[in-house]
Amino acid sequence: MPAIKSLLAGAAALMLVSGTAVAQPRTLGPQTGTIKIEQISVAFIASGELGGGTFTYRGRSYPISVGGLGIGGIGASRVVASGRVYGLTERNDLAGPYVQLKEGWAVGRAGQGRVWLKNDKGVTISLDTRRQGLQATIGADGVVIAFK
C-alpha cells in the first residue's frame, strides 16, 4: 500500500511539470528498445489499468505485465499501445514503478492518445495509443512494469 501511495504522489507531482519538457524525444537520446502493450482501462475520477505486452531489446523479445492506478478520466476502454523506449542501459532497468502522463479519448471503435512514462532509473517510454470503448482521459498515474 505505501508503494501505491508513493506512485500516486509522484504522479500528482509530475502533473505539475510540462509534458513537453519531460518528453521531447530529441532530449532523450537514442532509442534503446520498443514496447507493445494491450490493457483494459477503467476510470471515474480515479483510474485503473491492467494488461501486458512485449518488450524488445537488442533483438530479443520479453513478455511483460503492466498495471497502474491514477487520477483523471471517466469511462472504460481497451487500449493497444506501441512505442519507443529511451535511456535503457540494461534490460532489467525497464522493470519497476513509473510515473505516467496521459491524454486520450475513445468513442466506440475510434480513439487515440499519447502516453509518456518515466522511471527513477532514467528510462522514458513514449507510447501512441489506440482505444476502443467510451472514455476520456487526462491526468497522471503510477504504473508498474514487470517481466513475466
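Residues numbered from 1 in each chain as written. Predicted model: local features only at pLDDT ≥ 70, side-chain atom pairs only at ≥ 80, totals over all residues. Heavy atoms only, no water.

### Let's talk about the packing of aromatic side chains
Move 1: Summed over all chains, the structure comprises four aromatic pairs.
Move 2: Relative to Tyr57, the ring of Phe55 lies with its centre 5.8 Å away and its plane at 15 degrees, an arrangement referred to as stacked.
Move 3: Under the relative-accessibility criterion, Phe55 is labelled buried at 0%.
Move 4: Its relative accessible area of 6% is what places Tyr57 among the buried residues. (Phe/Tyr/Trp six-rings, centres within 6.5 Å; stacked < 30°, edge-to-face > 60°. Buried < 20%, exposed > 50% of the residue type's maximum accessible area, 1.4 Å probe, protein only.)

### Regarding the confidence of the model for the protein chain
Move 1: Averaged over all residues, the pLDDT of the protein chain equals 78, while 73% of them reach at least 70.
Move 2: Within the model, pLDDT remains below 50 along residues 1-24, and this stretch shows 26 contacts once partners closer than five positions in the same chain are excluded. (pLDDT = per-residue confidence, 0-100. Contact = heavy atoms within 4.5 Å.)

### Concerning the nonpolar core
General note: in soluble globular proteins, nonpolar side chains tend to be found buried as a group.
Move 1: Counting 19 residues, the largest nonpolar core has Leu94 and Ile125 as the members making the most contacts within it.
Move 2: Going through the elements one at a time, strand 1 (31-57), strand 2 (60-86), strand 4 (110-118) and strand 5 (124-147) are the ones with two or more residues in this core.
Move 3: Examining the composition of this core, we find that five residues originate from one element, strand 2, more than from any other.
Move 4: Ignoring any residue separated from it by four or fewer positions in sequence, one finds Ile125 in contact with Ile35, Arg84, Val85, Leu94, Tyr98, Val115, Trp116, Leu117 and Ile145. (Core = buried A, V, L, I, M, F, W, Y, C linked by side-chain atoms within 4.5 Å. Helix = DSSP H or I, 4+ residues; strand = E, 2+ residues; numbered from the N terminus.)

### Points about the pattern of salt bridges
Move 1: The full count for this structure, using the stated rule, is three salt bridges.
Move 2: Measuring nitrogen to oxygen at the nearest pair gives 2.8 Å for the salt bridge that ties Arg78 to Glu38. Linking Arg78 in strand 2 with Glu38 in strand 1, this pair joins segments that are 40 residues apart in sequence.
Move 3: Given a relative accessible area of 34%, Arg78 falls into the partly exposed group.
Move 4: Judged by relative accessible area, Glu38 falls into the partly exposed class, the value being 44%.
Move 5: Where Asp128 meets Arg114, a salt bridge forms, and the shortest distance between an N and an O atom there is 2.8 Å. Here Asp128 is found in strand 5, whereas its partner Arg114 is found in strand 4, with 14 residues between them in sequence.
Move 6: Of the residues examined, Arg114 reaches a relative accessible area of 28% and is grouped as partly exposed. (Salt bridge = Lys/Arg side-chain N within 4 Å of Asp/Glu carboxyl O.)

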